[in-house]
Amino acid sequence: KEVAERLAQQAKEIGVRFPLTFTDAQVRQEVGAALMLSKNSDGFDETTVIPSLIDKFGLIESKNETASTTKTTKKRKSKSNDETEDLTDETKSAEKKPRVIKVVNEGNRAVAEAIQEMAGIYFKNGDPRKGGVFSKAAKAIRESESVISNKKEAKALKGVGDGIGTYVEEFLTLGSIAKLEELRAGTA
C-alpha cells in the first residue's frame, strides 16, 4: 500500500494523465494493479509501473508545449504550401502508433492480443480488477513457449483460470470472442 501511494505520487508529479473523475483511491488502485502486473519471481519490478501507466493514460501536455506548437503551426501555414505539407507529415508521425506486443511463440500472438484487448477495455471502463486478471493472463499466454491449442493448455499457465481458458478456447475455435465483441460495442 505504501509503495502504491509513493508511486501514485510520482506518477502525478511526472504528469500521468489520469481521468479527471478519478479520486486518489482510484489512482492508487490503478497504480496497485500496475504494480501487481509487474510481479516476478524476485518480487515487484517498480521500474515498470510508471511507464505502464504512461502507456495506458498518457502524459499531460504542458501549456508551454501547446503554445509553442500553435506558434509553429501558424508560422508554417503562413509560408509556402511545401511547408504546410511538411507539417502534415510531422503530424502523422506524431500520432500514437499501435503497440506491438512481444510474444515468445508467434502462434499465440492473436489470442494474446484478444485477451489483452479485453484487459484494456476493462481498465478503460473502470474495472481494474478484471483488467488486471485479463492482463496477467495475456502476459502468461505471450510468454508461453509452446503454442496454446486448447483450454486445458491455457489453464496450465499461471494466471489463466477456467473463465479465461474458455475465452481462449472460443477464440481458437471460432476466431473471435463474443464477450470481446460485446465489450467493443459497449453492450457488455
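All of these numbers come straight from a predicted model, not from anything done at the bench. (Residues numbered from 1 in each chain as written. Predicted model: local features only at pLDDT ≥ 70, side-chain atom pairs only at ≥ 80, totals over all residues. Heavy atoms only, no water.)

**Examining the confidence of the model for the protein**
- When pLDDT is averaged along the protein, the result is 79; 78% of the residues meet or exceed 70.
- For the protein, the element scoring lowest by mean pLDDT is helix H4 (residues 63-78), at 42; helix H8 (residues 151-155) scores highest, at 95. (pLDDT = per-residue confidence, 0-100. Helix = DSSP H or I, 4+ residues; strand = E, 2+ residues; numbered from the N terminus.)

**Quick word on the nonpolar core**
- Counting residues in hydrophobic clusters, the biggest one holds 23 residues, and the most contacted among them are Ile115, Met118, Ile141, Val160 and Val168.
- Secondary structure elements with two or more residues in this core: helix H6 (109-124), helix H7 (128-142), helix H9 (162-174) and helix H10 (178-185).
- For this core, the leading source of residues is H6, giving 8 residues.
- Once residues lying within four places of it in the same chain are set aside, the contact partners of Ile115 are Phe134, Ala137, Ala138, Ile141, Ile164, Tyr167, Val168 and Ile177.
- In this structure, Ala4, Val16, Phe18 and Val31 belong to the second largest nonpolar core, which totals 15 residues. (Core = buried A, V, L, I, M, F, W, Y, C linked by side-chain atoms within 4.5 Å. Buried < 20%, exposed > 50% of the residue type's maximum accessible area, 1.4 Å probe, protein only. Contact = heavy atoms within 4.5 Å.)

**Points about helix H3 (residues 49-57)**
- Listed as buried for H3 are Val49, Ile50, Leu53 and Phe57. On an axial view of H3, the arc spanned by its buried residues comes to 95 degrees, and they lie on one face.
- Taken together, the buried residues of H3 touch helix H1 (2-14) and helix H2 (24-37).
- Within two residues after H3, Gly58 carries a phi angle of roughly 85 degrees, on the positive side. (Arc of directions from axis to C-beta.)

**A closer look at the environment of Gly107**
- Relative to the helices and strands, Gly107 is located in the loop between helix H5 (81-94) and H6.
- Using a relative accessible area of 47% as the deciding quantity, one classes Gly107 as partly exposed.
- The spatial distance from the C-alpha of Gly107 to the C-alpha of Ile148 is 7.6 Å, given a sequence separation of 41 residues.

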